[in-house]
Amino acid sequence: AGPSAIYVSHNLTLDASAAEGLRLARADYAPAMRLITVAPGAELHLINLTLANGLALGAPGQPGRGGALHLGSGASAWLDGVTFEANTASGGAGADGQGGAIYNDDGHLSFDGDPSILADNSAISGAGGAGRGGAIYNRNGSIGFYAGYNEPCTTFTGNLAGADKNLALIADGTLLFADFDFTNV
């Protein structure tokens, strides 16, 4: 899955409610790495946090998957008021970039609670590959987008993917529950 700043192998909650504006971000001069990988069977809860500038870079012939967040098989992530901003998945030569912000490989991804934002993320290809799912690439997993009645919901804006012009979400063999808006996509 490539290098990650944080590897979650059990259950972890990161609640930034008391630290408004808290960002987990890769510095521009840092080597390529996604921000968080959730191992198969592990659980992650993110609350009121921004994940920015993650970079999943595939080696030649290998895909780059999930610039900010990668869920392994059977992993779960609950996102409450989380912003994904300017993350990139870039495939190596001949390979795809999949899920600029999030790659879900047969896990469970849930957006609920306060609205989340996926903005200016990108999936780009190596020479001969394709960019897929500017914000999210979901492979055989499940995704739930939930909002209360007359409540704001998850927003996708400015996410780009090379092969899927302006497509924010790729759901491949997926169960998708949705209550969200796409703007400027």
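Notes on the structure follow. Bear in mind the structure is a predicted one, so any value in this text is a computation, not a measurement.

**Quick look at the packing of aromatic side chains**
Moving on, step 1. In this structure the tally under the stated criterion is three aromatic pairs.
Moving on, step 2. Plain terms: the ring middles of Tyr103 and Tyr137 are 5.5 Å apart, the flat faces sit at 10° to each other, and that makes the pair stacked. Placement of Tyr103 in strand E14 (residues 102–105) and of Tyr137 in strand E19 (residues 136–139) is noted, with a sequence separation of 34 residues between them.
Moving on, step 3. According to the relative accessible area criterion, Tyr103 is buried, its value standing at 0%.
Moving on, step 4. Among the aromatic residues, those joined into a ring-pair cluster are Phe111, Phe145 and Phe156.

**Some words on the sheet that holds strand E13 (residues 97–98)**
Moving on, step 1. Pairing is parallel in the open sheet, where three strands are placed in the order E8-E13-E18. The two strands at the open ends of the sheet, each matched to only one other strand, are strand E8 (64–65) and strand E18 (131–132).
Moving on, step 2. The sheet contact formed by E13 and E18 spans two bridges and is parallel. Directly across from Gly97, in E18, lies its bridge partner Gly131.

**Describing the pattern of salt bridges**
Moving on, step 1. This model, assessed by the stated rule, comprises two salt bridges.
Moving on, step 2. For Arg23, the salt bridge goes to Glu85, with nearest N and O atoms at 3.0 Å. Of this pair, Arg23 sits in strand E3 (residues 23–25) while Glu85 sits in strand E11 (residues 83–85), and the two are 62 residues apart along the sequence.
Moving on, step 3. Glu85 sits in the partly exposed class, given a relative accessible area of 29%.

**Details of the environment of Ala119**
Moving on, step 1. Locating Ala119 in the fold gives a position in strand E16 (residues 117–119).
Moving on, step 2. For Ala119 and Asn87, which are 32 residues apart along the polypeptide, the C-alpha to C-alpha distance reads 8.7 Å.
Moving on, step 3. Look past the residues within four positions of Ala119 in its chain and what remains in contact with it is Phe84, Glu85, Ala86, Thr157 and Asn159.

**Description of the nonpolar core**
Moving on, step 1. Residues Phe84, Ile102 and Phe111 are the most contacted members of the largest nonpolar core, which totals 28 residues.
Moving on, step 2. Counting residues per element, the ones that place at least two in this core are strand E4 (34–38), strand E5 (43–47), strand E9 (69–71), strand E10 (76–80), strand E15 (108–111) and strand E20 (142–145).
Moving on, step 3. Here this core gets three residues from one element, more than from any other, and that element is E4.

Cut-offs and rules
- Residues numbered from 1 in each chain as written.
- Predicted model: local features only at pLDDT ≥ 70, side-chain atom pairs only at ≥ 80, totals over all residues.
- Heavy atoms only, no water.
- Phe/Tyr/Trp six-rings, centres within 6.5 Å; stacked < 30°, edge-to-face > 60°.
- Helix = DSSP H or I, 4+ residues; strand = E, 2+ residues; numbered from the N terminus.
- Buried < 20%, exposed > 50% of the residue type's maximum accessible area, 1.4 Å probe, protein only.
- Pairing = 2+ DSSP bridges.
- Salt bridge = Lys/Arg side-chain N within 4 Å of Asp/Glu carboxyl O.
- Contact = heavy atoms within 4.5 Å.
- Core = buried A, V, L, I, M, F, W, Y, C linked by side-chain atoms within 4.5 Å.

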